[in-house]
Amino acid sequence: MPDRGTQILRAAARLIARRGVRGLRVEEVAAEAGVSTALIYYHFKNRSGLLRHTLEFINKRAVRYTDAALDTTADPRTQLAEMLLLELQDTPEVRENSAAWGELRASAVFDADLGAQVAVATRDWADDVAHLVRRAQEAGLAAPDVAPDAAAERLTALTEALSERWLNGIAPLERAQELLRGAIDRELGPLERSV
């Protein structure tokens, strides 16, 4: 049984994924979580605190399922591809996480504190991807002239965009995955050239 704070964050993530951030009310989160509004205020102080903690919660959840790619004995290029492709899986948790992330990212445009938090989370993700690009270069599995930081920024931005297209029904999941695989090959260079 999750603790009350986690229960509230799960409820907030569900509601944000379904209805967005703009109309999110603490009372709705309380009802969804089956707790009192006073408990939410006790744990998170205010709506902004709830949003900040919800962003941390979905970020940690994403790290948990994408880090599975790093627990393999696969080479760094394969780990990179698997890590990004795990953001495009048709599971309830990934769908909810991706939708909530998109909503929070969009709301960050109007909320400087949330924007700063989104920027840090995005930078951390890009740093993880850049690290794998460097490891792939060291292993001879990526072209030596690839700029790891720039490649990571492009790949993470594309992953977010493809996730939105898939969630919105614009692109089927298989097509989004295919496009991402192609982008990874373009960014890192074909294996024949880099080995």
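Just above, that's the structure.
Residues numbered from 1 in each chain as written. Predicted model: local features only at pLDDT ≥ 70, side-chain atom pairs only at ≥ 80, totals over all residues. Heavy atoms only, no water.

Asks: Outline the overall build of the protein chain, supporting the account with residue identities and numerical values.
Replies: Helix and strand counts for the protein chain come out as 10 helices and 0 strands. Ordered by position in the sequence, the α and β elements of the protein chain form the string α-α-α-α-α-α-α-α-α-α. Here the C-alpha radius of gyration of the protein chain, 18 Å, is about what a compact globule of 195 residues would show, namely 16 Å. Counting only C-alpha atoms, the protein chain reaches 60 × 35 × 30 Å along its principal axes. Across the protein chain, the fraction of contacts at a sequence separation of at least 24, relative to all contacts at a separation of at least 6, is 67%. (Helix = DSSP H or I, 4+ residues; strand = E, 2+ residues; numbered from the N terminus. Rg over C-alpha atoms; globule rule 2.2 N^0.38 Å. Contact = heavy atoms within 4.5 Å.)

Asks: Hey, could you go over the nonpolar core for me, with residue numbers and the actual values?
Replies: Leu80, Leu84, Val129, Leu155, Leu180 and Ile184 are the most contacted members of the largest nonpolar core, which has 29 residues in total. The set of elements that each furnish at least two residues to this core consists of α5 (76-85), α7 (112-138), α8 (148-167) and α9 (173-188). Ranked by the residues each element gives to this core, the list is headed by α7, at 7 residues. Beyond its immediate stretch of four places on either side in the chain, Ile184 contacts Arg77, Leu80, Ala81, Leu84, Leu155 and Gly189. Judged by nonpolar contacts, the second largest core, of 28 residues, contains Ala11, Ala13, Leu55 and Trp101. (Core = buried A, V, L, I, M, F, W, Y, C linked by side-chain atoms within 4.5 Å. Buried < 20%, exposed > 50% of the residue type's maximum accessible area, 1.4 Å probe, protein only.)

Asks: So what about the pattern of salt bridges? Which residues, and what values?
Replies: Enumeration over the complete set of coordinates arrives at 12 salt bridges. Note that Arg154 and Glu187 form a salt bridge whose closest N and O atoms lie 2.6 Å from each other. Linking Arg154 in helix α8 with Glu187 in helix α9, this pair joins segments that are 33 residues apart in sequence. Overall, Arg154 belongs to the partly exposed group, its relative accessible area being 45%. Classification of Glu187 by relative accessible area gives buried; the value is 17%. Via salt bridges that share partners, Arg14, Arg18 and Glu32 belong to a single interconnected network. (Salt bridge = Lys/Arg side-chain N within 4 Å of Asp/Glu carboxyl O.)

Asks: Go over the environment of Ala119 with me, naming the residues and quoting the values.
Replies: With respect to the helices, strands and loops of the structure, Ala119 is situated in helix α7. Once the C-alpha coordinates of Ala119 and Ala143 are considered, the two residues, 24 residues apart in sequence, prove to be 28 Å apart.

Asks: Requested: an account of helix α1 (residues 4-19), with residues and values cited.
Replies: With 16 residues, α1 ought to run about 22 Å at 1.5 Å a step, and its terminal C-alpha atoms sit 22 Å apart, in line with that. Buried residues of α1: Gly5, Gln7, Ile8, Leu9, Ala11, Ala12, Ala13, Leu15 and Ile16, and no others. Near the N-terminus of α1, the side chain that reaches the backbone nitrogen of Gly5, with its oxygen 3.0 Å away, is that of Asp3. Just beyond α1, the residue with positive phi is Gly20, at close to 90°. (Expected span 1.5 Å × (residues − 1). Polar contact = N/O pair within 3.5 Å; in protein donor to acceptor, adjacent residues only side chain to side chain.)

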